[in-house]
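# Survey of secondary and tertiary structure
Each chain is listed here by its residues.
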Amino acid sequence: MRSYLLSRLWQSAVTLVLATIVVFLGVRALPGDPALAFAGEERDPASLAAIRAKYGFDDSLLLQYWRFVSKSLTGDLGRSTRTNIPVTDMLASALPVTIELSALALGVAIVIGVGAGVVAAVRRGRPAEWAANALALLGLSIPNFWLGLMAILYLSVATGLFPASGFVSFFEDPISNLHHLVLPAVVLGTGLAAVVMRQTRSSMLEALGADYIRTARAKGLGPQTVIGVHALRNSLVVVVTILGLQLGGLISGAVVTERIFGLPGFGKMTLDAVFQRDYPVIQGVVLVTATAYIVINFLVDLTYSLIDPRIRLAGVPS
Amino acid sequence: MLGSQPQTGGGKNAAAASTGRPVLSVRDLSVTFRTEEGSVSAVDSVSFDVEAGEVLAVVGESGCGKSVTAMSLGGLLPRSATVTGSVLLEGTELVGASDRQLRGIRGDDLAYIFQEPMTSLNPVFTVGRQIVEVLRLHQGVSARAAKSRAVELLTLVGIPSPARRVDEYPHQLSGGMRQRVMIAMALACGPKVLIADEPTTALDVTVQAAILDLLRDLGKRLGTAIVLITHDLGVVADIADRVVVMYAGRIVETAPTQELFDAPQHHYTTGLLGAVPTAGRRASDGRLQEIPGLVPVLTVQPDACTFAERCPAASDRCRTSRPPLAPEENPGRTVHRFACWHPAGSEEDR
């Protein structure tokens, strides 16, 4: 287990280094002179040169990369060219919103997706399965933004059940915080729920036909234990894989959802930065996203090994 | 088992182990499946008894209904199956019993071992947990007591260093070890009847022998009746006291093991015996005798011998009238029954 953990950590570290290189080069590869962007209306060659010297754009790429990495490591991602606020501070206020939204959406997706998937598998060929399949198809087909708009239209504007936009910090008012996030989380979670449902259904069907399920029934175990413990535990490996792959989609989905519901999160920050060509912010945003991917994948792999002993104990001679 | 003449070993113990009162009594058990092409008759009017400590082998080719019979005893068939007749386990009727009632019996009084020890254990739980589960379910013991009982059971089935093995996962054990774990799990609650569905088919020959020894030994020691489902006559000769031969869902012959091997009456039985390779036989002596054709899939059980199409001795009578499962007309040998109009051992055929 420990050697597995170490090798997995090492892989993550290498990926992270590669990610920083891509982020760094990606921003450098953008068309146009960054000094021009910094300078704004100024076109005076002397001040452009001053900017280049100040930000080190004249130095070799290697040196610039080193500076970028070492600064990033100390938490200094530069300042927004528009507002002059440190990127780290902007992230610190935006990230918690997005993390909370994504976590809630993930919760929605797991509860609905796994639940409906299990029902569809157990009730195969009966109305419950058809209903679950139809819901999954809808969930996959309906775009986030449309669902969000409909939710606002019918559940906020028409009935006033939920606020249409805005955000309240969890630490200020937890109930109001959740109240604001219910709709965005459900909207963001539906697509993922549909994917999870289909995956759960197919891997549950496979598990339910397995010999160990026959053994479990032959032991006299009731349907709850047979389905909920013996079959589900085996199905979860595949479901977790799908979740890991789809979490990236959750991040990009969050960008759209946050925009619709006016949440001051990571997505809004990203969009604003892109529209305003705020390079340091874009760089920070991409770096954080890449890191998030890597961390999520690491956690997914850890989860596998918790679920399936064959992965946990791989390499350990029996 | 292959390459050696089957030796009847179990038959000798029949009298010693017999208590005269069956723990499992099956009468007129029939199973039909609803399929998209209509109904299929898988088991037809099967009757047999098993006594405590006795090993009853049910033999036949693939598709002859032996596994369906085994599954139907504990109510393990899918919903598409209709089961009629009677299965009495120590006087309790199992056919038509509620799911709850059957769950209380399965794993407790009626236990199963299956063919594939590789896949019959859940890969994500330790073997200990899987044994503990059945103990806690039926005997309501504490987790700690169940765990130490699991270690005892692993010792009983001959697993070395059981205290360590109990915390291991199925993939860390060999096939033979896994089957021992399955046996430990099946015997955990001291079942009255153990149904072993091809328990050694997936194992190496040397491991097969060890597992069969273990089954026979534990069956006699614990007084557990064993219903052994197999297609392997070598296995039958090794451990069975009595044999039931099934063909196309029907019992075609039943006799004590020694008797069946010495004087098979039904042509299907002689065909099965002829298909077993014998040591010392050369290729030049001709190939093994096989039975031509396949087991038919029946939608309706006909009033005829279902083996007639493949039988060397079939007559018109066989195709128009179903032979009853009757005892041989020989006093003292009434335990030998067969369903054949022209038995292999009769005078006219000799």
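Look up a bit, the structure's there.
Residues numbered from 1 in each chain as written. Chains lettered and ligands numbered in written order. Predicted model: local features only at pLDDT ≥ 70, side-chain atom pairs only at ≥ 80, totals over all residues. Heavy atoms only, no water.

Right, let's talk about the overall build of chain A for a bit. Helix and strand counts for chain A stand at 13 helices and zero strands. When its helices and strands are written in sequence order, chain A yields α-α-α-α-α-α-α-α-α-α-α-α-α. Taking the principal axes of the C-alpha coordinates as reference, chain A spans close to 85 × 60 × 35 Å. The buried share among the 318 residues of chain A stands at 42%. (Helix = DSSP H or I, 4+ residues; strand = E, 2+ residues; numbered from the N terminus. Buried < 20%, exposed > 50% of the residue type's maximum accessible area, 1.4 Å probe, protein only.)

The subject of this paragraph is the sheet that holds strand β6 (residues 110-113) of chain B. All names here are of chain B. Read across the sheet, eight strands follow the order β6-β7-β8-β3-β9-β10-β12-β11 without closing on themselves; strand pairing throughout is mixed. Each edge of the sheet is formed by a strand with only one pairing partner; in this case those strands are β6 and β11 (326-327). Pairing geometry for strand β9 (residues 242-247) and strand β10 (residues 250-256), over six bridges, is antiparallel. Residue Tyr247 lies in a different strand from β10, and its bridge partner there is Arg250. (Pairing = 2+ DSSP bridges.)

Once that is clear, we can look at the sheet that holds strand β5 (residues 92-93) of chain B. Residue and element names in this part refer to chain B. Ordered by their spatial adjacency, four strands build an open sheet running β2-β1-β4-β5, and the pairing between neighbours is antiparallel. Bordering the open sheet on either side are β2 (38-51) and β5, each of which pairs with just one other strand. Across eight bridges, the pairing between strand β1 (residues 22-35) and strand β4 (residues 81-89) is antiparallel. Counterpart to Val26 in the pairing with β4 is Val87.

Our next topic: the packing of aromatic side chains. Residues and elements named next belong to chain B. Considering all chains together, one arrives at seven aromatic pairs over all chains under this definition. Ring geometry for Tyr247 against Tyr268: centres 4.6 Å apart, planes inclined by 55°, an arrangement best described as tilted. Here the residue Tyr247 occupies a position in strand β9, and Tyr268 occupies one in helix α12 (residues 267-274), the gap between them amounting to 21 residues. Residue Tyr247 shares its accessibility class with Tyr268, and that shared class is buried. (Phe/Tyr/Trp six-rings, centres within 6.5 Å; stacked < 30°, edge-to-face > 60°.)

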